[in-house]
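Read off the chains here:
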Amino acid sequence: MDVPRNSNQVLNRRLGVLISGRGSNLQALIDAIEDGRLDAEIAIVISNNDDAAGLERARRAGIPAMTISHRGWPSRADYDAALARELQSRGVGLVCLAGFMRLIGAPLLDAFPNRIINIHPSLLPAFPGVDAQRQAFEHGVRVTGVTVHLVNADLDAGPIILQRTVDVRDDDTAETLAARILVEEHRAYPEAVQLMLDGGWTIDGRRFVRSRSGAST
């Protein structure tokens, strides 16, 4: 059995945000910081795609933003090591994946143990992987939602930090359902980041366990 691990390793509130596309969850973090719901600073935004619209979102907010393409590296591990070096050079305490369409490998996981989080548009462990909203719609579930979880070596399988539900309506389409899930993502991600930074949690096996004083719904 795994020994519970404490959150004291997260010592600063400098975030590194990894994106691949439009960066709407990045914008949710920016907005939450600006209006005082999230006590953090975004130190760097990195995309693997030079055309990612989220890079411009960051620059408009005065946040350093850069591209580190995943192409041209000898191996996936070399690419992940380059990401880790850049994040560490910026003094990042917590890495937030916000639509980063790359699997995270050992060099990055080892550099930021229990300090990389991701947001996924389903109630994990249901519907991991891509196009989770459509998967939920086509399976006919009555409730789906959003999961923020720690990242480990397995796809969408790390300890769950926070979940929020979204009802599936009879008149929904896959597109309307995805739109309502996205609204809930934008609420859940800053809240989960704040939980991480506030500490008072442990990892016990697959479980993210908050102290009684830090627990919330």
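Structural data are supplied above this passage.
Since this is a predicted model, take the numbers as computed values, not measurements.

Visitor: How would you summarise the pairing of strand β3 (residues 41-47) if you had to cite specific residues and measurements?
Guide: When you tally the buried positions in β3, you get 6 out of 7 residues, the bulk of the element. Where strand β2 (residues 14-19) lies against β3, 6 bridges are found, and the strand directions are parallel. Residue pairing for β3: Leu18 is matched across the bridge by Ile46. As a crossover connection, the stretch from β2 through helix α1 (residues 24-34) into β3 is right-handed. Here β3 pairs with strand β4 (residues 65-67) via 3 bridges, running parallel. If you follow Ser47 over to β4, its bridge partner there is Thr67. Following the backbone out of β3, through helix α2 (residues 53-60) and into the adjacent parallel β4, one traces a crossover that is right-handed.

Visitor: Quick rundown of α1? Include the residues and the values.
Guide: Among the 11 residues of α1, 8 are classified as buried, and the element is accordingly described as predominantly covered. Where α1 is buried, its residues contact β2, β3, α2, β5 (94-97), β6 (116-120) and α6 (174-198). Positive backbone phi, approximately 85°, marks Gly36, located one or two places after α1.

Visitor: Outline the packing of α1 against α6, listing residues and values.
Guide: Contact geometry of α1 with α6 gives a least axis separation of 9 Å together with a crossing angle of 55°. Classified by the angle between their axes, α1 and α6 sit oblique to one another. α6 is crossed by α1, and the crossing has right-handed handedness. Of α6, the residues touching α1 (which contributes Ser24, Asn25, Ala28, Leu29 and Ala32) are Leu182, Glu185, His186, Tyr189, Pro190 and Val193.

Visitor: Report on the nonpolar core, specifying residues and quantitative values.
Guide: Counting residues in hydrophobic clusters, the biggest one holds 40 residues, and the most contacted among them are Ile117, Ile161 and Val193. Element by element, the count of residues in this core is highest for α6, at 9 residues. In contact with Val193, not counting residues within four places along its chain, are Leu15, Leu29, Leu38, Leu94, Cys96 and Ile117. Judged by nonpolar contacts, the second largest core, of 20 residues, contains Leu18, Leu87, Phe100 and Leu109.

Visitor: Account for the pattern of salt bridges, with residues named and values stated.
Guide: The final tally for this structure, using the stated rule, is 12 salt bridges. Note that Arg164 and Glu191 form a salt bridge whose closest N and O atoms lie 2.8 Å from each other. Of the two residues, Arg164 is situated in strand β8 (residues 160-167) and Glu191 in helix α6; the sequence distance between them amounts to 27 residues. Between Arg180 and Asp172 there is a salt bridge whose closest N-O contact spans 2.7 Å. Accessibility expressed as a relative area gives 7% for Asp172, which makes it buried. Here the salt bridges do not stand alone but share partners, grouping Asp131, Arg134, Glu138 and Glu175 into one network.

Visitor: Please set out α6 residue by residue, giving values where relevant.
Guide: With 25 residues, α6 extends 36 Å from end C-alpha to end C-alpha; this agrees with the ideal 36 Å at 1.5 Å per step. In the stretch just after α6, Gly199 is the one whose phi turns positive, near 75°.

Visitor: Let's hear about unusual backbone geometry: which residues, and what values?
Guide: In the segment running from Leu124 into Pro125, the intervening peptide bond is cis, with an omega of 15°. Mapped onto the secondary structure, Pro125 falls in the loop between β6 and α5 (132-139). Notably, Phe127 is not glycine yet its phi reads approximately 60°, a positive angle. With relative accessibility at 13%, the residue Phe127 sits in the buried group. Positive phi values are uncommon outside glycine, yet Asp131 reaches one of about 60°. Tracing the chain through its elements places Asp131 in the loop between β6 and α5. For Asp131, a relative accessible area of 44% translates into the label partly exposed.

Each value, and the rule that gives it
- Residues numbered from 1 in each chain as written.
- Predicted model: local features only at pLDDT ≥ 70, side-chain atom pairs only at ≥ 80, totals over all residues.
- Heavy atoms only, no water.
- Buried < 20%, exposed > 50% of the residue type's maximum accessible area, 1.4 Å probe, protein only.
- Helix = DSSP H or I, 4+ residues; strand = E, 2+ residues; numbered from the N terminus.
- Pairing = 2+ DSSP bridges.
- Right-handed = clockwise from strand over helix to strand, strands pointing away.
- Contact = heavy atoms within 4.5 Å.
- Axes fitted to C-alpha atoms, helices over the stretch in contact; angles between N-to-C directions.
- Parallel < 35°, antiparallel > 145°, perpendicular 65-115°, else oblique.
- Left-handed = near helix turned anticlockwise from the far one by under 90°.
- Core = buried A, V, L, I, M, F, W, Y, C linked by side-chain atoms within 4.5 Å.
- Salt bridge = Lys/Arg side-chain N within 4 Å of Asp/Glu carboxyl O.
- Expected span 1.5 Å × (residues − 1).

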